[in-house]
Structure formats: C-alpha cells, structure tokens
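Coordinates in review
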2 protein chains.
Amino acid sequence: MDHTAEFRRWKAQCLSKADLSRKGSVDEDVVELVQLLNGREPYFTTSSCAGRIILLDGDINGFEVQKQNRCWLLVTHKPCVKDDVMAALKKANGDAILKFEPLVLHVQCRQLQDAQILHSVAIDSGFRNSGITVGKRGKTMLAIRSTHGLEVPLSHKGKLMVTEEYIDFLLKIANQKMEENKKRIERLYNCLQHALEKENITNARPKEKIKDKNKSSYTRKKKRNPEEAHSKCFTEENVKECENDDDLGISVTIFPEDY
Amino acid sequence: MDHTAEFRRWKAQCLSKADLSRKGSVDEDVVELVQLLNGREPYFTTSSCAGRIILLDGDINGFEVQKQNRCWLLVTHKPCVKDDVMAALKKANGDAILKFEPLVLHVQCRQLQDAQILHSVAIDSGFRNSGITVGKRGKTMLAIRSTHGLEVPLSHKGKLMVTEEYIDFLLKIANQKMEENKKRIERLYNCLQHALEKENITNARPKEKIKDKNKSSYTRKKKRNPEEAHSKCFTEENVKECENDDDLGISVTIFPEDY
C-alpha cells in the first residue's frame, strides 16, 4: 500500500472509533478547529484538550507520584470561582496542586510537508512549544502546545498553605490565561483557514456534510468575521508574541531565527 | 552545495561564534551533553539552558506583559533558599512570579533521520514535550523540552500574597524539581551515548581533542559508570515516566502508541 492510501486508511479507522477520553467528547472550544482539520485530506486529530483548570491531589511526596495515581479534585474548561476550589480542597489529604493547562492538540499529518505548514501556523498563532514527531513507521504527528501554563502547590499533607485571598487572586490569573488561550485557539483557527486556502488544500468531503453531521452535538456560538480572520494572522503583535520563550537568558551560540 | 556540506558549514559557523547569552557560557550541568552532541558529525547545539529557578517582576497586569519587558529579580541554576527569594522580592513593585524552568536544548540536525534518533532518546529520557521543526530551507532542529515546570504568582502590585512559610515550602518543591531535572539530564546523556554507539554515529573529531580543548573551562565533577549508563536506559521505570502527560483526561479518538 502506498503512503497516501495507508494514511487514508489510518484516518478512516481513527475517525470511526469511539472517543476514549474520560469526558467522551471533544471540548467545545476546539470542536471547530478539530472539524476544520479532520475535514481536510492531509490531517486528522488523534487527541485534544481545549485548555483547563485542574486541581490535583498528589501523595505527600508531591511531584514524585505518577500522574495516573493522582486524585483529580476538580477539572473545568470554564472560568473557575474560589468557592469551587475551596470545596474541592476539602477533599485533599495530600499535596494539592492547581494547574492551568492550555490547548494540547495532536494532529496526524499525511506528509512532513503538511506537518510543516500546520507547525508554522501554530507557531505564528502563539503555540511556541509545538513540534513534529516522525515515527519509525513513517507516522508524522504534530503536537500543538503553548508555553502558557500555571502550576501552583496549594496544600501539604492536607493542610492549606495559602490564604483564601490568594486563591481568589490566583483564579483571576488562571481565568485570564483561560481567556487568552481561547483567543489563541481562535487565532489558530483563522490562520489555519488562511494557510489552507493559500496552500490550496482541499476539503476531504463537502463542508456542508460535516456541518450537518455535527449539528446535533455542537452549535456555533460566535460568528467569525472572515476579514477579521485574515487581518489577524500576520500583524506585528503576533510576530512579537511568536518570539521564542527560550531566547532570553539562555546560553545561545547562535539562535536561528529563520530555520 | 549539497545538504551535508551546507550542514557542515552551518555547524562550523555556529561553533566558532561567541556565546550571545546573558550569561555568556554554557550552564555547567549541560556542558557534557553539549560537548557530546557537538562532537558528533550530525549534530550541533544552538541554544541551551540546563534548568533554573527564576523570579520575575511583571507589570501589574501580570501575564499580559511581554517577557522581554519583565524585570528579572533572581536567576539561579542551583538550589535556592528562602532568604534569597525574600531579599529579591523586596525589589518587586509589580506582580512577581516564581518559576522553575527545566532543561531546554535546541539541536540542529543534519537530516530528519538524525533528529528522529535524538528525539526518541529525549522522549525515553523523560523530555516528553520535545519536538522537531523543519524549516523552509531544510534546517532541521530538535527542541528538547520537559513537562516538568512550576509557575507561581507571589505578589500583586508589589504586595506579597503568600507567607514566608509558603515560600519555604515552595522552594523545597522547586529544588526537588531541579534535582529531578539533573537526573533526567544524566539519563539523557547516558541514553544518547548508548544510542549513538548503537547507530554507529562517529565522532566529528577525536574525542581526546574535544576534552583537551574544554579542560580549561570545565572539570568533570562526577565519574559516570558506563554499565550504569546502559542499564539505566530502558528500565520499566523509564517507560512509565515516558508515558505522555497528555493521555489522561483529554479527548482521545485514538492515541497512537507506536507512531
């Protein structure tokens, strides 16, 4: 089987399978992005998380515990208020940690070139920790990741180490990050649409069909302005935002700006 | 010029240039790793940070400020004590944030295949956010990154939002993460050596020559046991550690374990 045929088979297989995540469905904030990618011949998404605030309870050795052994006290993809966290913290008996995790999206790509286009769009949209993986069997995957996190220890052996006022302050920051993350997802969607048009990457199937198929599970909340979308893509502001986080204060022999 | 000759030219050019980082030299904890990579034909490092604890003072809008406008109140690549942070915090008049940032290493690779080998070693050593970038001009870069961070807001408009006891608690965690990061760097070094031998990737120049060259600026602190190095590479513990952070609780249609 040639590579394109094999990719098509993988894609069909993947998209026909049940969603194996805890939640069992794609997060609302990335449904459109996931649909846009899955609707194009060279891409399909294999996992996604739109971004979330989570409260984990580790054992008393904190970071050493395996993630799968941690107890999830709270998970939300929406802005979060102090009372929710205070209630969840009552169940903590180890070292509780509050985290904001931005978008993570894994996209399998037909060819390296397709991954390069998507990677470039992701970086331009502010997802600077994105990167390609090429497997031994030729599977090419792009992981879209942001540098934009938060990880705050809150309790030790069940004892709260901070004040309620601090938690309130912290949640304002976490909610702001959530908002900024949503903006970046919008920007990624718009830039991707623009890039796919430019590269003339055709739909895998008629757009209407996809929309119909997903109508029941998702209603578009916000109408995008296509003009806004295009003008948003390559403004100076974006370019600034796309500067690598790693280029400050670290040992640089030469930092390739145009690699 | 063919690709290999062009790569050699880039490499020679890069390694002959001055270190442009603030610090002006490679961090002690990654000197050996950087030397190992630069001593092999298909690789050279373009930037590195071994891992650090930093205290930043942002403006009062916190996260919105450009990183380059932030004031660095404290930077250390060594374990950190409360008094240092308390002293540095006195200079904060915005929103101070304490961060632990693990190893970040950018390595330019001759070919995609060379990047794949290094990427695989990085993932196996616990650097799960690593990824390849392939530029338009064919430059192939691997960014080695860990998921292993910490980002904690400490003050708001110059006012400390947490207790000294909390800062003490927080620094214990940050120092533990620093220690774990060092172990991962050691593991990466050992696994890389093993992989290079297996792939039969030869030295770019005789090993002794490199060591001699760097003797003046660096003295090896700890003798590695080669047997330990090999046995460390593919233990069950490592495999567990290498499970993707993203595979819990996120929307998964299918997660490719063997891509």
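By the naming in an unreviewed UniProt entry, chain A is tRNA wybutosine-synthesizing protein 3 homolog, taken from Zalophus californianus. Check the Function (unreviewed entry) section of the UniProt entry for chain A; it says "Probable S-adenosyl-L-methionine-dependent methyltransferase that acts as a component of the wybutosine biosynthesis pathway. Wybutosine is a hyper modified guanosine with a tricyclic base found at the 3'-position adjacent to the anticodon of eukaryotic phenylalanine tRNA." Under the UniProt heading Pathway (unreviewed entry), the note attached to chain A is "tRNA modification; wybutosine-tRNA(Phe) biosynthesis."

1. Focus: the overall build of chain A
Of regular secondary structure, chain A possesses 8 helices and 11 strands. Taking as baseline every contact in chain A between residues at least 6 positions apart, the subset at least 24 positions apart corresponds to 74%. Surface summary for chain A: the accessible area is close to 12,100 Å², and the carbon and sulfur share equals 48%.

2. Details of the packing of aromatic side chains
On inspection of all chains with the given rule, the structure shows 5 aromatic pairs over all chains. Here the aromatic rings of Tyr166 of chain A and Tyr166 of chain B are separated by 6.2 Å at their centres, their planes lie at 50°, and the arrangement is tilted. Of this pair, Tyr166 of chain A sits in helix H5 (residues 164–199) while Tyr166 of chain B sits in helix H5 (residues 164–199), on two different chains. Classification of Tyr166 of chain A by relative accessible area gives buried; the value is 0%. Among the aromatic residues, ring-to-ring pairing joins Tyr166 and Phe169 of chain A together with Tyr166 and Phe169 of chain B into one connected group.

3. Some points on H5 of chain A
Working note: α-helix, 3.6 residues per turn, so residues spaced by three or four point in the same direction. Here H5 of chain A contains 36 residues, and its C-alpha end-to-end distance of 51 Å stays within 8% of the 52 Å for a straight helix at 1.5 Å per residue. The first or second residue beyond H5 of chain A is Asn200 of chain A, which carries a positive phi of 60°.

4. Side note on the pairing of strand E8 (residues 150–153) of chain B
Residue and element names in this part refer to chain B. Residue alternation in E8 divides its side chains into two sets, Leu150 and Val152 and Glu151 and Pro153, and both sets are buried. Sheet analysis places strand E4 (residues 95–101) next to E8, joined by 4 bridges and oriented antiparallel. In the strand pairing of E8, Ile97 is matched with Pro153.

5. A word on the packing of helix H3 (residues 82–89) of chain B against H5 of chain B
All names here are of chain B. One way to put it is that H3 packs onto H5 with a least axis distance of 9 Å and a crossing angle of 125°. Comparing the axis directions of H3 and H5 gives the class oblique. The chirality of how H3 crosses H5 is right-handed. Of the residues in H5, those touching H3 at Lys82, Val85, Met86 and Leu89 are Glu164, Ile167, Asp168 and Leu171.

6. Considering the nonpolar core
Ranked by size, the top nonpolar core spans 56 residues in total, and within it Leu118 and Ile144 of chain A together with Leu33, Leu118 and Ile144 of chain B carry the most contacts. Leu33 of chain B has contacts with Leu105, Ile185, Leu188, Tyr189 and Leu192 of chain B, leaving out every residue within four places of it along the chain. Judged by nonpolar contacts, the second largest core, of 52 residues, contains Ala92 of chain A together with Ala96, Leu150 and Leu154 of chain B.

7. Observations regarding the pattern of salt bridges
A pair can form between side chains of opposite charge whenever their charged atoms are brought close. Using the criterion set out here, one finds 22 salt bridges over all chains in the structure. Note that Glu165 of chain A and Lys159 of chain B form a salt bridge whose closest N and O atoms lie 3.3 Å from each other. Linking Glu165 of chain A in helix H5 with Lys159 of chain B in strand E10 (residues 159–160), this pair reaches from one chain into another. In this structure Glu165 of chain A comes out as partly exposed when scored by relative accessible area, which is 48%. Among the residues examined, Lys159 of chain B registers a relative accessible area of 45% and is labelled partly exposed. One continuous salt-bridge network, built from bridges that share partners, spans Arg52, Lys99, Glu101 and Glu151 of chain A together with Lys177 of chain B.

8. Things to note about unusual backbone geometry
A positive phi angle is found at Lys157 of chain A, which is not glycine, with a value near 50°. Tracing the backbone through its elements, the reader meets Lys157 of chain A in the loop between strand E9 (155–156) and strand E10 (159–160).

9. A few points about the side chain of Asp57 of chain B
All names here are of chain B. Along the chain, Asp57 turns up in strand E2 (residues 52–58). The exposure class assigned to Asp57 is buried, which follows from its relative accessible area of 7%. In terms of polar contacts, Asp57 uses its side chain to reach the backbone amide nitrogen of Asn93, at 2.9 Å.

10. Observations regarding the packing of helix H4 (residues 112–124) of chain B against H5 of chain B
All names here are of chain B. Contact geometry of H4 with H5 gives a least axis separation of 9 Å together with a crossing angle of 145°. Along this stretch, H4 crosses H5, giving a crossing that reads as right-handed. Across the interface between the two elements, Ile117, Leu118, Val121 and Ala122 from H4 touch Leu188, Cys191, Leu192, Ala195 and Glu199 from H5. A per-class count over the contact of H4 with H5 returns 8 nonpolar, no polar and 1 charged.

11. Topic: the pairing of strand E4 (residues 95–101) of chain A
Residue and element names in this part refer to chain A. In terms of residue burial, E4 counts as a mostly covered element, since 7 of its 7 residues are buried. Alternating positions in E4 separate into two faces, Asp95, Ile97, Lys99 and Glu101 on one and Ala96, Leu98 and Phe100 on the other, with burial throughout. Both strand E2 (residues 52–58) and E4 contribute to a ladder of 7 bridges, which runs antiparallel. In the sheet register, Asp57 faces E4, and the bridge partner there is Ala96.

12. Quick look at the confidence of the model for chain A
Looking at chain A, the pLDDT average stands at 79 and 72% of residues meet or exceed 70. Between residues 205–259 of chain A, whose pLDDT stays under 50, and residues either more than four places distant or in other chains, the model counts 104 contacts.

13. With respect to helix H3 (residues 82–89) of chain A
Residue and element names in this part refer to chain A. Within H3, the full set of buried residues consists of Val85, Met86, Ala88 and Leu89. For H3, the angular spread of buried residues about the axis comes to 165°, placing them on one side. Along its buried surface, H3 packs onto E2, strand E3 (71–76), E4, E10 and H5.

Reading the values: rules and limits
- Residues numbered from 1 in each chain as written.
- Chains lettered and ligands numbered in written order.
- Predicted model: local features only at pLDDT ≥ 70, side-chain atom pairs only at ≥ 80, totals over all residues.
- Heavy atoms only, no water.
- UniProt positions renumbered as here; feature names shortened; annotations may be inferred.
- Helix = DSSP H or I, 4+ residues; strand = E, 2+ residues; numbered from the N terminus.
- Contact = heavy atoms within 4.5 Å.
- Areas by Shrake-Rupley, 256 points an atom, 1.4 Å probe, with all protein chains shown as cover.
- Phe/Tyr/Trp six-rings, centres within 6.5 Å; stacked < 30°, edge-to-face > 60°.
- Buried < 20%, exposed > 50% of the residue type's maximum accessible area, 1.4 Å probe, protein only.
- Expected span 1.5 Å × (residues − 1).
- Pairing = 2+ DSSP bridges.
- Axes fitted to C-alpha atoms, helices over the stretch in contact; angles between N-to-C directions.
- Parallel < 35°, antiparallel > 145°, perpendicular 65-115°, else oblique.
- Left-handed = near helix turned anticlockwise from the far one by under 90°.
- Core = buried A, V, L, I, M, F, W, Y, C linked by side-chain atoms within 4.5 Å.
- Salt bridge = Lys/Arg side-chain N within 4 Å of Asp/Glu carboxyl O.
- Polar contact = N/O pair within 3.5 Å; in protein donor to acceptor, adjacent residues only side chain to side chain.
- Nonpolar A, V, L, I, M, F, W, Y, C, P; charged D, E, K, R; others polar.
- pLDDT = per-residue confidence, 0-100.
- Arc of directions from axis to C-beta.

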